[in-house]
Amino acid sequence: MSTIRWAVIGAGDVVERRVAKALQTAEGSTLLAAVRRDEAKLQAFAEKFGVPRAYKDAADVWNDPDIDAVYVATPVMMHAEHTMEAARHGKHVLCEKPMALNAAEAEGMIAVCREHGVKLGIAYYRRFYPKIQKMKQLIDSGAIGKPVYARAQFSGKTNHAGTDRAWLLSPEVSGGGPLMDVGTHVIDLLCYALGEPRQVSAMTGNVLQELDVEDTASVLIQFASGCHASVHASFSTAAGNQLELFGTEGKLTMRTVEDAELVWTNGAGEVQLFDLPKHENMNVPMIERFIEYIRGGQSFPSEGKQGIFASRIADAAYRSAAEGRHISV
């Protein structure tokens, strides 16, 4: 395939802000089609981005022989259905996060994509930030010794009521509140850095906002390596997106995951600062790597069997909060 021809399923907010342009500008990529049920918004999107094929029904994408891959950007409740249907029609899938409403759905997505021989990636694009790649390299090289503890936060004062993203406040559609919406991003980074999770304990609740989903979640994770991690996700605290990892011989610190700065402090207390800015469109490196993956090149760091870790942790966290006990993952 010289150029991968994409359809985007769910041409909404996140696609308008970043994904459409990324699919159009990534090397070896073109955006051929878009799907959205609201016809007026669909036509406006198609005109804005110059997308030649505008479909109200995803079935038109499944039956379009010119489409090689789909980017699934529908609400979470539809991820499994759209991913599996695309796979059954021979389309590769890059699916928005979180992967599905729960890990059982995610397992089904992996199985169907495997059965039909198509590639499945989950859009945890922060794995592709240069500073995150450097973090992974330093940990794997032993720069901080054995990882012992990590902490992460992703929060902000947010209320999606009355917006196009109000579906995030419906647990049947989104799967949960900030733990699912933003917490899974940093949970995924911890899994990328530290490996497979083993045990989870959590509290969730409504500290400030009375919503149908939690407004705050606090999660403790133990990884197979023995490393512990704590994660805070909230719609009701001041904005924050921090990540820190502590080992027997040093630590790695990010004031925010989004800037270019990564600080490495070794066991002697010596500090090294890395300045590693991300791509101006954070989705482009992920999409270009997925295209390589489709073509049979290097592996994709966030394929389905990695993306499911965050879903397993979220499942366990909600169950732990409800039952008041540790849950094995």
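Described below are features of the structure shown in this document. (Residues numbered from 1 in each chain as written. Predicted model: local features only at pLDDT ≥ 70, side-chain atom pairs only at ≥ 80, totals over all residues. Heavy atoms only, no water.)

1. A look at the overall build of the chain
Along the chain, the regular secondary structure elements total ten helices and 15 strands. What you see for the chain is a C-alpha radius of gyration of 20 Å, in line with the 20 Å of a compact globule of 329 residues. Here the C-alpha coordinates of the chain stretch approximately 60 × 45 × 35 Å along the principal axes. The buried share of the chain, taken over its 329 residues, is 55%. Residue pairs in contact within the chain that sit at least 24 positions apart in sequence constitute 68% of those at least 6 positions apart. (Helix = DSSP H or I, 4+ residues; strand = E, 2+ residues; numbered from the N terminus. Rg over C-alpha atoms; globule rule 2.2 N^0.38 Å. Buried < 20%, exposed > 50% of the residue type's maximum accessible area, 1.4 Å probe, protein only. Contact = heavy atoms within 4.5 Å.)

2. Focus: the layout of surface pockets
Considering only enclosed or pocket space, the second largest pocket measures out at about 180 Å³ in volume. I110, C113, R114, V118, K119, L120, Y293, E303, G304 and K305 together form the lining of the second largest pocket. Looking at the lining of the second largest pocket, the elements with two or more residues in it are helix 5 (103-115) and helix 10 (304-323). A breakdown of the residues in the lining of the second largest pocket according to their chemical character gives five nonpolar, one polar and four charged. (1 Å grid on protein atoms, 1.4 Å probe; cavity = no way out; pocket = protein on both sides within 12 Å on 5 of 7 lines; lining within 4 Å. Points joined across faces, edges and corners; volume = space filled by probe spheres on them. Nonpolar A, V, L, I, M, F, W, Y, C, P; charged D, E, K, R; others polar.)

3. Quick word on the pairing of strand 14 (residues 271-275)
Two elements, strand 13 (residues 261-266) and strand 14, share five bridges in a ladder whose sense is antiparallel. Within strand 14, the residue paired with V263 across the bridge is L273. Between strand 13 and strand 14, which follow one another and run antiparallel, lie four residues, and G269 among them has a positive phi close to 85°. (Pairing = 2+ DSSP bridges.)

4. Concerning the environment of N63
Relative to the assigned elements, N63 resides in the loop between helix 3 (58-62) and strand 4 (69-72). As for N63 and H89, which are separated by 26 residues in sequence, their C-alpha atoms are 7.5 Å apart. A polar contact of 3.0 Å, which involves the side chain of N63, links it to the backbone oxygen of A59. (Polar contact = N/O pair within 3.5 Å; in protein donor to acceptor, adjacent residues only side chain to side chain.)

5. Remarks on the environment of Q137
As for its position among the elements, Q137 is in helix 6 (residues 130-140). Separated by 14 residues in the primary sequence, Q137 and A123 place their C-alpha atoms 21 Å from one another.

6. A look at the nonpolar core
Of all hydrophobic cores here, the largest spans 108 residues; its most connected members are W6, V70, Y71, M135 and L245. Once residues lying within four places of it in the same chain are set aside, the contact partners of V70 are W6, A7, I9, V61, W62, A86, K91, H92, V93 and L94. (Core = buried A, V, L, I, M, F, W, Y, C linked by side-chain atoms within 4.5 Å.)

7. Looking at the sheet that holds strand 10 (residues 228-234)
Taken in spatial order, the nine strands of this open sheet run 14-13-12-11-7-10-9-8-15, and their pairing is mixed. A single partner strand is all that each edge strand has here, and the edge strands are strand 14 and strand 15 (327-328). Alignment of strand 7 (residues 147-155) against strand 11 (residues 240-247), held across eight bridges, turns out to be antiparallel. Residue pairing across strands places A152 opposite L243, the latter belonging to strand 11.

8. Topic: the packing of aromatic side chains
Inspection of the entire model under this criterion finds eight aromatic pairs. Taking the centre distance of 5.3 Å and the plane angle of 35° together, the rings of F128 and F300 count as tilted. Taken as a pair, F128 in the loop between strand 6 (120-122) and helix 6 and F300 in the loop between helix 9 (284-294) and helix 10 lie far apart in primary sequence, 172 residues in all. As far as burial versus exposure is concerned, F128 and F300 are alike and both buried. Relative to F300, the ring of F290 lies with its centre 5.2 Å away and its plane at 75°, an arrangement referred to as edge-to-face. Of this pair, F290 sits in helix 9 while F300 sits in the loop between helix 9 and helix 10; the two residues are ten residues apart in sequence, bridging distant segments of the chain. On the accessibility criterion, F290 (0% relative accessible area) is buried. Here a set of aromatic residues connected by ring pairs shows up, and it is made of W6, F128, F290, Y293 and F300. Between K119 and the ring centre of Y293, over which it is positioned, the NZ or CZ distance is 4.7 Å. The aromatic ring of Y192 is capped on one face by K136, whose charged end is 5.4 Å from the ring centroid. (Phe/Tyr/Trp six-rings, centres within 6.5 Å; stacked < 30°, edge-to-face > 60°. Lys NZ or Arg CZ within 6 Å of the ring centre and 35° of its normal.)

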